[in-house]
Every structure is written in C-alpha cells, then in structure tokens.
Amino acid sequence: MDWLVESARAFVRAQGPNNNYLLAYSGGLDSHVLLHVFATLRQTEPFQLRAIHIHHGIHPCADQWANHCKKICDQLQTDYFQQTIKPFSDRLNLEEKLRQFRYQLFEACLLPDELLLTAHHQNDQAETILLQLCRGAGLKGLSAMPRIKSFGKSFHARPFLDIARQDLLQYAKQHQLDWIEDESNQNTHHTRNFFRHDIIPVLEKRWPSVIKTLARSAKHCADAKHFMEITTQKIVEKCQGTVSATLSVKKLRDLSDIEQRHVLRDFIQQNGFLLPSVVKLQQIIKNLLLAAEDKMPHVTWGDAELRRYRDDLFLMKKRAPHDPLQVIDWDLSTPLTIPGVGVLTASSEAIMSPVTVRFRQGGEMLQLPGRSHRHALKKLFQEWGVLPWLRDLVPLIYADNQLVAVVGYWMAGEWGDHVQIQFRPEGTPLSKGVDECFLRGGGIFSIR
C-alpha cells in the first residue's frame, strides 16, 4: 500500500515547494492514516507538519482521546497541539455547530505558509452527494467536496478524496496503526451514519462500484458548476447598474428566467451573503424586477436585503433599528457614536457651542452657495442622488435650533470657515462609493 504515500507525494509536489501543513487529527482511522502518510513523506520531502486536535469535551473519553493523539504524534515526531471547544448550552443542530466551530479554530491556527489537511475520502464524498440529493441541492451541492479550495488566507486540501476508505483500512492494518473507535459513528440517528451503514451497503450489493461512481458524478457536477460560474459572471458584468456594485433591473428583465436566477445568486454570493431560498428568490424576481418603475420595493432574508431604486438593485446588510425622531446633544470635542448610523468627529479652529444632531423630519429648508432661493432638503436629497432608504440616516447638525450642516453634503458658510466634520457611516456608505466624508466651507472631499 506504499502507493498511498506516492499519491500524497504527487499531491505535495503539485502544491509547490513553499507550503507546510496543518493536519486536522481526531485520532480516528482516516486522520491517523493521513498523519502516518504525511509523517512518512516528510522524511524525503521538504515541508513542516503540525497536527491539531480539537477537544470537544462532550464524550466521556475526550481526555483519553486527546492523550492518545499526543502520544501518536510524539511517536511520529510531529508537532502536536490541541484546541478546546467550550460546551454548547443549546444542543439543537449540535453536530453542525461543532463542525463550524472546528473550522473556525482551524482557520485561526493556520500559519501564513500552511495548508489545512483533512482526511475526507471517496466514501465521504459519496455520502455527501447522497445527502445533497436528498436535500434537493443544485449543482453547487451536488459538486460535493473539492480536493482543494480557498480557506481563510490559505487553502483547505483533501489529499485522500479519490481514495476509498477500504484502502485506508488496509494501509492502517499493514502498518499496525492504533486508532480511536468512536462508538457514536455507529449511531444511525445521524444522517451520515444512516447512509454509511444502512443505504450504501445496499447500493453496493446492486452496484459494487457505486462509491466511485457517485464520486465521479460529483466531479461532473463540479465541472459543470465551474463552467456555469464563468458564463454567469460574464452575464453579471453585462447587467451592471448605473451605480457601482448594483444590477440593472431593465437588463435583468431581458434575461430568461433561468439566467435571472443564476445572475441573482451569483451577485448575492459574490457579495458574501447567504443565498436566499428558492421561494425567496422567486419573491425577489416578482417584487423587485416586475414592480412598477415608480415603486421602491425591497426583500429581506437572513442578514441581507435587496432594494430597488429606479433601475438599480442594491444589495446590503440589514441595518439595525434607527429612531429618526431622536435628538442627540453633541459636544464637538468628543466623537459621537450613533448606533445604526455611524460615528461623527469634529475639529474646530474656534470654540463652538454644543450642537444637537437630528434627522430629517420633513420641511427642512436650506440655501446652497450661489443660489438665490432656499430649497427643501427633500428635493436636494433627490438632486444629490441620496438613496431613499438612507435619507433618514443622514445626520443633520443644529446650532441654536438652526440647521447648519447636512453631514456629507452641505455646511453653512460661517460654520464651514471654522469647523471640519468627519463622518464614518456604519455599514453601507451614505453616498456612492464614499467611505469617509469631510466637509469644509460647503465642499465635499471623499477619502477611501
């Protein structure tokens, strides 16, 4: 079974000479074989190897397992360290929560030149694709697990993904490895164990090579997914709206139903938000794309929301509740943090009296430099292109009950001669592509 070592050698050499490895080591059969193979390979290949064990603290034997893992690493002269997960009070979806927390710890412990190694194999791949089929997954889910993918600032690799568990078992017996047997792996209440013990053996009686076949199907789906992503990205670029990082409603309407769904999913995923359900996606298409042009609909899911203004679709994080009726006293000598809005900071060339910060109530009037008439703030917001859902978030500065500044857009002349206000919006910027706004003498200066 030395071909396992040679397979790992080919993997290492394909990754290049400047990588080291952090190996996720549970002590079970799969990760023990992975550790043994890479510890053997390290004798002839120039890389560093560390093993990390996650101590869940749930199983009565958890301490014993951790001691076993350390002993094995000592025998293999491999650096070992462990991380402990604090017990969860909420046991709902415990397995998934533990998995997510494990990977958070893996990412936090990765050094800049390390790749994370896990011992997922061909049988795991088959179980994954069966699970995704039962969930009604699309191409992304049916692509199952990639052999290597981006992970944090590095990569997560699965060198055994094309190797059957039976081959790992034979290697372990040949080298007389001593691994941990977790009896919970026999509990078919867990879906993966149900597939492993009750479903796959039945399938193998009819189709002996079903494990390999399912893994091949996952590869076909991954290839199709990759091609579709490239194609979809080109369409997304053609559907850009009039504002950066938006989509054009008119251009989306010209697409087929299938193209609309793929473009919206790709757009949402690229911006780092959870994908909406099929039902929610249909709601987005119906409410945002098909609404009349004078409407400003929006759809929310998870921590995301899509809003439409004129021909543009804006994707953003849902804002915390904000009370536009609040009146906040502000001493200009200290920064002012307004929850759900942002942080105001002022510097002054003269001693200025305290001011109040308010938000638009309607009826505010101001006169811009070079104009003979006063204008309603509502009309000016339209002229300035302030998005409707952000207009009530723009701080208004009052001194002696007189409006002296619309933060980010206007400041009364006498104030502009003496005061500089810096505003750092929370979340979505208040103006197109502006992260910070400085106001002085009525001018606006954007700094990225």
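Heads up: the structure comes first, above all this text.
Note that the structure is a prediction, hence the values are computed from the model and not measured.

Would you explain the sheet that holds strand 11 (residues 328-330) in this entry?
The strands making up a sheet associate through hydrogen bonds between their backbones, and the pairing can be parallel or antiparallel. Taking strand neighbours across the sheet as the criterion, the five strands line up as 11-14-17-18-19 in an open arrangement whose pairing is antiparallel. One side of each edge strand has no neighbouring strand; the edge strands of this open sheet are strand 11 and strand 19 (410-411). The pairing of strand 14 (residues 355-358) with strand 17 (residues 396-399) spans three bridges and is antiparallel. Across the sheet, residue V357 finds its bridge partner in strand 17, namely I397.

I would appreciate a short explanation of the pairing of strand 4 (residues 114-117) in the present structure.
Burial along strand 4 is two-sided: E114 and L116 and L115 and L117, pointing in opposite directions, are all buried. When strand 1 (residues 20-24) meets strand 4, the two strands line up parallel, connected through four bridges. When the sheet's bridge partners are listed, N20 is paired in strand 4 with E114.

Teacher, can you tell me more about the sheet that holds strand 9 (residues 304-309) here?
Taken in spatial order, the four strands line up as 7-10-9-8 in an open sheet, and their pairing is antiparallel. What marks the edges here is a single partner per strand, and that holds for strand 7 (246-248) and strand 8 (298-301). On average, adjacent strands in this sheet sit at an angle of 20° to one another, irrespective of strand direction. Looking at chain direction, strand 8 and strand 9 are connected through four bridges and run antiparallel. Residue pairing in the sheet places V299 in a bridge with L306 of strand 9. Taken strand by strand, helix 12 (residues 278-289) contacts strand 8, strand 9 and strand 10 (312-317), and its axis lies near 165° from that of strand 8.

Can you help me understand the nonpolar core in this one?
With 43 residues, the main nonpolar core has W330, L344, I397 and V406 as its most contacted residues. Filtering out sequence-adjacent residues up to four positions away, W330 remains in contact with P335, L336, L344, T345, A346, P354, V355, V357 and I397. Of all hydrophobic cores here, the second largest spans 37 residues; its members include F11, F38, L49 and A51.

Would you mind going over helix 13 (residues 377-384) with me for this structure?
Side chains that are three or four residues apart share a direction in an α-helix, a result of its 3.6 residues per turn. Taken residue by residue, helix 13 has L377, L380 and F381 as its buried positions. Buried residues of helix 13, seen end-on, are gathered within an arc of 105° and therefore sit on one face of the element. Phi for G385, located one or two positions after helix 13, is positive at around 75°.

Just checking my understanding: could you explain the packing of aromatic side chains for this structure?
For any pair of aromatic rings, the description consists of the separation of the ring centres together with the inter-plane angle of the planes. For the coordinates displayed, the defined rule picks out ten aromatic pairs. Ring geometry for Y21 and F38: centres 5.6 Å apart, planes at 65°, overall edge-to-face. Taken as a pair, Y21 in strand 1 and F38 in helix 2 (residues 29-41) lie far apart in primary sequence, 17 residues in all. As far as the burial class goes, Y21 and F38 line up, both buried. On the basis of an interplanar angle of 85° and a centroid distance of 5.3 Å, the ring pair of Y103 and F106 is categorised as edge-to-face. With Y103 and F106 both in helix 4 (residues 94-109), this residue pair falls three residues apart, about one helical turn. Here the two residues Y103 and F106 agree in accessibility, since each one is buried. The cationic tip of R206 hangs over the ring face of W207; the distance from NZ or CZ to the ring centre is 5.6 Å.

Cut-offs applied
- Residues numbered from 1 in each chain as written.
- Predicted model: local features only at pLDDT ≥ 70, side-chain atom pairs only at ≥ 80, totals over all residues.
- Heavy atoms only, no water.
- Pairing = 2+ DSSP bridges.
- Helix = DSSP H or I, 4+ residues; strand = E, 2+ residues; numbered from the N terminus.
- Buried < 20%, exposed > 50% of the residue type's maximum accessible area, 1.4 Å probe, protein only.
- Axes fitted to C-alpha atoms, helices over the stretch in contact; angles between N-to-C directions.
- Contact = heavy atoms within 4.5 Å.
- Core = buried A, V, L, I, M, F, W, Y, C linked by side-chain atoms within 4.5 Å.
- Arc of directions from axis to C-beta.
- Phe/Tyr/Trp six-rings, centres within 6.5 Å; stacked < 30°, edge-to-face > 60°.
- Lys NZ or Arg CZ within 6 Å of the ring centre and 35° of its normal.

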